[in-house]
Every structure is written in C-alpha cells, then in structure tokens.
Amino acid sequence: MDSRVHSKDVKHAVYQKLQERGVGIEEIARIVMEMQIAYNPLLTLAACVESVHAVLNKRELQHAILIGIELDSLAERGLLSEPIQSIVSSDEGLFGCDETLALGSVFGYGSIAVTTFGYLDKRKSGIIRKLDTKAGSHVHTFLDDLVAGIAAAASGRLAHQQRDREEGTPTSAPGADSASME
Ligand code: MG
C-alpha cells in the first residue's frame, strides 16, 4: 500500500497553516515588492503574489514551513519537552535552528535568495517584524524566518526571470535545468 502523502495535500496544508498562523500571501508579496522594486521599477504586486505562489509549490519550502509551524504550535501549547520547550517558546537569542531551517529551504533559489534572506533576517520588514515581536501567548519563533525565506525565494526567482525576459532567452535561473525553479 502506498503510504505517501499526496503532494496536493501537502500544498493544501501549507496554505491552511499559513492562514491559521495569520500570514497572508499578499503580506509576503509586499516584502518581495520592497526587495525587488529597486531593480525593476515596473514590478507589480500581482507579479510578486504570483512568485510567492510559485515558490510555495516547491517541496523544499513546503516541508520547512510545515515543520517550523508545527514546532511553533507545539511550543505554544507547552507540548515540547524541556529544555527545548523553554528555548523555542522564549525565542532564545542564541537559538539558530529557526534561521537554519528557513535558510536551507531557499538554497535552491541561488545567491540572491540567500543574501535577501540574510537582509530580511536583520531588517525584519512588514509582517516579519509583526511576527518577531512577541505578542500575547503566540509563539512565532520559526514562522518569522520562514516568511523571510518565502519572500527571499520569491525575490530571487523574480530577479532571474526579469533578466531572462530582458534578454529574451530561456531561463537560466538557478536549478532551471531541472525545471525545479520555474
Ligand atoms: Mg525566529
């Protein structure tokens, strides 16, 4: 018997979890816009939304998002064991697994995605700052970094697409030979 979870169920779970945790696709797209508008003044929010949907289609990101949100949720309900319960729920300053998980998921989108992630991690634009600011009983230790990862991947994708469009050539985006990053 095939015990694999169907890809469409995984994708559905990603969208559902993001919504449950208060993250809108358009809010992520606004960060993408902020990152890329300097390089493409004609960029539209619709193109950024499309790019966010495109990167959310990738397993590498989907799995990172589901694992990170799961750990946030468990910590929020006090269901992790110590000492990791305290470390995750307090978003301990030296805990770096949240950044590492999100960063690892964007490697496939190349150096622009990686450097954009680092920038967003420091700068914390828009909803990333909202999530990072500990409000009430919510735990968003992983989610803020995951949102930065999604925005960074979508930014890297747009940057490569723009060059390809300008040159009228087939895509030479990172990973494009496997069609995995289109
Ligand atoms: Mg974090």
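Coordinates for the structure precede this section.
In this report, we go over the structure that sits alongside the text. (Residues numbered from 1 in each chain as written. Predicted model: local features only at pLDDT ≥ 70, side-chain atom pairs only at ≥ 80, totals over all residues.)

1. Focus: the packing of helix α2 (residues 25-36) against helix α9 (residues 143-167)
With their axes 9 Å apart at the nearest point, α2 and α9 run at an angle of 50 degrees to one another. Viewed along their axes, α2 and α9 adopt a mutual orientation that is oblique. Of the two possible hands of crossing, α2 and α9 adopt the one that is right-handed. Taken together, the residues of α9 that come into contact with α2 (itself represented by I28, I31, V32, M35 and Q36) are V147, I150, A151, A154, S155, L158 and A159. Each residue belonging to the contact of α2 with α9 can be placed in one class, and the counts come to 10 nonpolar, 2 polar and no charged. (Axes fitted to C-alpha atoms, helices over the stretch in contact; angles between N-to-C directions. Helix = DSSP H or I, 4+ residues; strand = E, 2+ residues; numbered from the N terminus. Parallel < 35°, antiparallel > 145°, perpendicular 65-115°, else oblique. Left-handed = near helix turned anticlockwise from the far one by under 90°. Contact = placed C-beta atoms within 7 Å. Nonpolar A, V, L, I, M, F, W, Y, C, P; charged D, E, K, R; others polar.)

2. What to know about the environment of D145
Relative to the assigned elements, D145 resides in helix α9. Residue D145 is classed as buried on the basis of its C-beta count, with 27 C-beta atoms lying within 10 Å. With near-sequence residues (within four places) excluded, D145 lies in contact with D98, E99, A102 and D121. (Buried ≥ 20, exposed ≤ 12 C-beta atoms within 10 Å, placed from the backbone.)

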